[in-house]
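Coordinates in review
Listed here are the chains, written in short residue letters.
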Amino acid sequence: MAVNLNTGIVLEPMKEPAVSRGLRSYLNPEEIYVPCYKEKLRNIMRVSKDQPVYVYDDGMALHAGINGRFVRDVTITNPDDTGRYFVYKNMIGFADVQKPQETDRMSITEITAAAKAASIIDENDGVYLYKKLEYARKHGKKTLVVDCVEDEPYVSCMTNLLLKNQAELSAGIQLAVRAMQTDKACIAVYKQFDEFKTKIPKLLDNIRIKNIHGKYPLRYRLKYYFKEHDDIVTISAGALVHLYRACKFSKPQTSCFVTVAGDCVSTPYNIEVTIGTPVRDLLQFCGLKQEPDIVIYGGSMTGHRIEDLEQPIGHTTKAVLAMKTDIVEKKTACISCGRCNDICPQDLLPHFIYKYAESGVKHVLSRYNIDHCIECGCCSYVCPANMGVAASIRRAKKLIGKEQASDKNGK
Ligand code: SF4
Ligand code: SF4
């Protein structure tokens, strides 16, 4: 597919002040929420820190971030996400006993196995880190690009790691390049940082930091900004920090890095948060200067609005934004202007996909390549009628995916 790097939209970055502040931690929440499918839960009444508590369909696990006792189960209903969860109360604070191991002599197999045992997920694309390392080796990919390209407004959690957690990030990069059997690495950041007070260094321990220019959605096309793009594997900064911890301390991933911002948040910050922490608690931790009208979960462009603030933080939740004013004004009727079709970076026809998704005519959606949608949100952004095009397409895509999975399991 030809890639046009000039397409897309220009967005205000709005990353300060969170990006310039230190990285905070919220790793001892009062409660965590664990997806509730009884047959997949290892232990229902109690969970222990770092123990696998929930096994996904692919055999990978969610590890508990606290020592907890079961207190209740809840059903959380949000427009894009409904699910039942077991709630565990934090019984006691934990002393995070870390027994360091020598990492200098770890073999390729040992590093990859550590990433797998820790169930590290790349928060930028939801892919398991060990799969990326295996893919890189199998296909001879020789360049690691550390993905700190945060082209959505507000989101700055990966760049914040580059600025405030350099030692762990650098150690994680060294381990990843060894697992890929290469020595080529580069860190990609978003060029818009040039406009900020926060300055990005040119090097991190001799690893080049490259500014990437371009319009949103830029990160999806990241590899095409490199001449040697066929040779590249991109891995997020967060996944590399977790890789270092997995190799050094045998620590599974129980946390993720989240930007908490918006005009209702007293002190916007990037925070390391225990996975399963409800959004409500995280917002309280940062403080609210006024009650938000809307809370966006996931990212300012790719995220979605949530009503139920018990929604837990997941591996790929990169931002929680609490806003006073509804950025989506009242919806009117589609005027068939075609702007959504013109802007789509995947050359899809969101106008028609939306129309058929809304009217429940699902069988034609595959003809319009709904599965090629990268959920960037550009179609909604440009729509003069505020149709919520991307949200509707995302829901239809998810529904079709679920139906296909259950058809497969039924066979
Ligand atoms: S959300 Fe999907 S349909 Fe809409 S512009 Fe992005 S890729 Fe195209
Ligand atoms: S941009 Fe909005 S109003 Fe225009 S065709 Fe697309 S859905 Fe309809």
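See the structure shown above.
We now turn to the structure provided with this report. Residue numbering note: each chain is counted from 1, following its sequence as written. Each chain takes a letter, starting from A, and each ligand takes a number, starting from 1, following the order in which they are written. Since the coordinates come from a predicted model, pLDDT governs what is reported: local features require at least 70, and pairs of side-chain atoms require 80 or more to be given and counted, while whole-chain, interface and lining totals use all residues.

1. Some remarks on the site of ligand 1
- Residues are counted as near a molecule or strand when the C-beta atom, derived from backbone positions, lies within 6 Å of that molecule or strand. Neighbouring residues of ligand 1: 15 residues in total, closest C344, P350, C373, C376 and C379.
- Per the convention used, a helix needs a DSSP run of H or I reaching at least four residues, while a strand needs a run of E reaching at least two, with both numbered from the N terminus. Of all the secondary structure elements, the ones that give two or more residues to the shell around ligand 1 are α9 (378-382) and α10 (389-410).
- When residue character is reported, Ala, Val, Leu, Ile, Met, Phe, Trp, Tyr, Cys and Pro are called nonpolar, Asp, Glu, Lys and Arg charged, and the others, Gly included, polar. Per-class residue counts for the shell around ligand 1 are twelve nonpolar, two polar and one charged.

2. Comments concerning the packing of helix α1 (residues 108-117) against helix α5 (residues 237-249)
- Fitted lines through C-alpha atoms serve as axes, helices being fitted only where they are in contact, and the angles separating the N-to-C directions of these axes extend from 0 to 180 degrees. At a closest axis distance of 9 Å, the pairing of α1 and α5 adopts a crossing angle of 105°. When the axes of α1 and α5 are compared, the pair comes out roughly perpendicular. Contacts between α1 and α5 involve I111, A114, A115 and A117 from the first element and L243, A246 and C247 from the second.
- The residue makeup of the contact of α1 with α5, split by class, is seven nonpolar, no polar and no charged. Angle categories: roughly parallel below 35 degrees, roughly antiparallel above 145, roughly perpendicular from 65 to 115, and oblique for all the rest. Contacts are defined on C-beta atoms placed from the backbone: any two residues whose C-beta positions lie within 7 Å are in contact.

3. Some remarks on the site of ligand 2
- Residues in close proximity to ligand 2 total 15 residues, the closest being C334, C337, C340, C383 and A385.
- When contributions to the shell around ligand 2 are tallied by element, the ones reaching two or more residues are α7 (339-343) and α8 (350-358).
- Its residues assigned to classes, the shell around ligand 2 comprises eleven nonpolar, three polar and one charged.

4. Some details on the sheet that holds strand β15 (residues 294-297)
- A pair of strands is labelled paired if DSSP reports no fewer than 2 bridges between them. The six strands lie next to each other as β1-β14-β13-β17-β15-β16, forming an open sheet whose pairing is mixed. Single-partner strands in this sheet number two, and they are β1 (24-26) and β16 (304-306). Pairs of neighbouring strands in the sheet enclose a mean axial angle of 30°, with direction left out of account.
- Strand direction decides the pairing type here: β15 and β16, joined by three bridges, are antiparallel. Across the sheet, residue Y297 finds its bridge partner in β16, namely H304.
- Where helix α3 (residues 157-164) meets the sheet, its contacts fall on β13 (255-261) and β14 (269-274), and the angle it forms with β13 comes to roughly 105°.
- The strands touched by helix α6 (residues 279-286) within the sheet are β1, β13, β14, β15, β16 and β17 (319-323), with β17 carrying the most contacts at an inclination of about 70°.

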